[in-house]
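Chain by chain, the residues:
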Amino acid sequence: MRPVNCVQFSLFMEGTTESYELNDLPFQLARSYHAFRHFAVKTLTSEGLSDHVKPGTGGLFLAIAKEEGCHVKYLSEQFRLPKATITGLLRTLEDDDLVRREKDPEDARAFRLYLTAKGRDLLPSMIHRHHRVLGTLHEGLDEEEVEALKRMLRRVLDNIAKS
């Protein structure tokens, strides 16, 4: 059996031939997402955090901890996700009693976000997990390669946002 990255497929449509490889960027991004999500579940479980934090919410939790009092709009911009997506993730953190919303006294339409006491108690474990995840992701890469990868991924996100 040939390795996945060597496989090329052809698709015949109305007399034209279009081909693609399973190592094309969309496939690599999808595999990376799924592999990272699996890794996130594994680390949350191994560190006893899976009862407190759901996959996909850790980054949001840490962003709120770093910028307590921030708005959903700020998180939406930082994560490059629609406000509705951020709101859904926030609901999960609120349901788990890790984050609370307070009306913004300067803007009645907006809410400010804060960690709860339970969230503050969990913060050191989440920071430790974050550094463990970074160690795994950075393994075999020097700092220049890490920065180049981050720069390229930002460019990919910009391209997606423009489309």
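Look up a bit, the structure's there.
Structure report, in brief. (Residues numbered from 1 in each chain as written. Predicted model: local features only at pLDDT ≥ 70, side-chain atom pairs only at ≥ 80, totals over all residues. Heavy atoms only, no water.)

### So, the environment of leucine 113
Item 1. Tracing the backbone shows leucine 113 in strand 4 (residues 107-115).
Item 2. Between the alpha carbons of leucine 113 and alanine 65 there is a distance of 9.1 Å; along the sequence they are 48 residues apart.
Item 3. Those residues in contact with leucine 113 that lie beyond four places of it in its chain are Ile64, Glu68, Gly69, Cys70, His71, Val72, Leu75, Leu90, Val99, Arg100 and Arg101. (Helix = DSSP H or I, 4+ residues; strand = E, 2+ residues; numbered from the N terminus. Contact = heavy atoms within 4.5 Å.)

### Details of the pattern of salt bridges
Item 1. Taken as a whole and assessed by the stated rule, the structure comprises 9 salt bridges.
Item 2. The salt bridge involving glutamate 68 is made with arginine 120; its shortest N-O contact spans 2.7 Å. Residue glutamate 68 is located in the loop between helix 2 (58-66) and helix 3 (72-79), and its partner arginine 120 is located in helix 5 (residues 117-138); the two are separated by 52 residues in the primary sequence.
Item 3. Looking at arginine 120, the relative accessible area reads 41%, which means it is partly exposed.
Item 4. Linking glutamate 94 and arginine 101 is a salt bridge whose minimum nitrogen-to-oxygen distance equals 2.9 Å. (Salt bridge = Lys/Arg side-chain N within 4 Å of Asp/Glu carboxyl O. Buried < 20%, exposed > 50% of the residue type's maximum accessible area, 1.4 Å probe, protein only.)

### So, the packing of aromatic side chains
Item 1. For the structure shown, the criterion picks out 2 aromatic pairs.
Item 2. Arranged with centres 6.0 Å apart and planes meeting at 35 degrees, the rings of tyrosine 20 and phenylalanine 27 form a pair that is tilted.
Item 3. The exposure class assigned to phenylalanine 27 is partly exposed, which follows from its relative accessible area of 31%.
Item 4. Consider the rings of phenylalanine 36 and phenylalanine 39, whose centres lie 6.4 Å apart with planes at 55 degrees: the pair is tilted. Of this pair, phenylalanine 36 and phenylalanine 39 are both found in helix 1 (residues 25-46), 3 residues apart, which corresponds to roughly one turn of the helix.
Item 5. On the accessibility criterion, phenylalanine 36 (38% relative accessible area) is partly exposed.
Item 6. For arginine 101, the ring lying beneath its charged end belongs to phenylalanine 111, and the centroid distance is 5.8 Å. (Phe/Tyr/Trp six-rings, centres within 6.5 Å; stacked < 30°, edge-to-face > 60°. Lys NZ or Arg CZ within 6 Å of the ring centre and 35° of its normal.)

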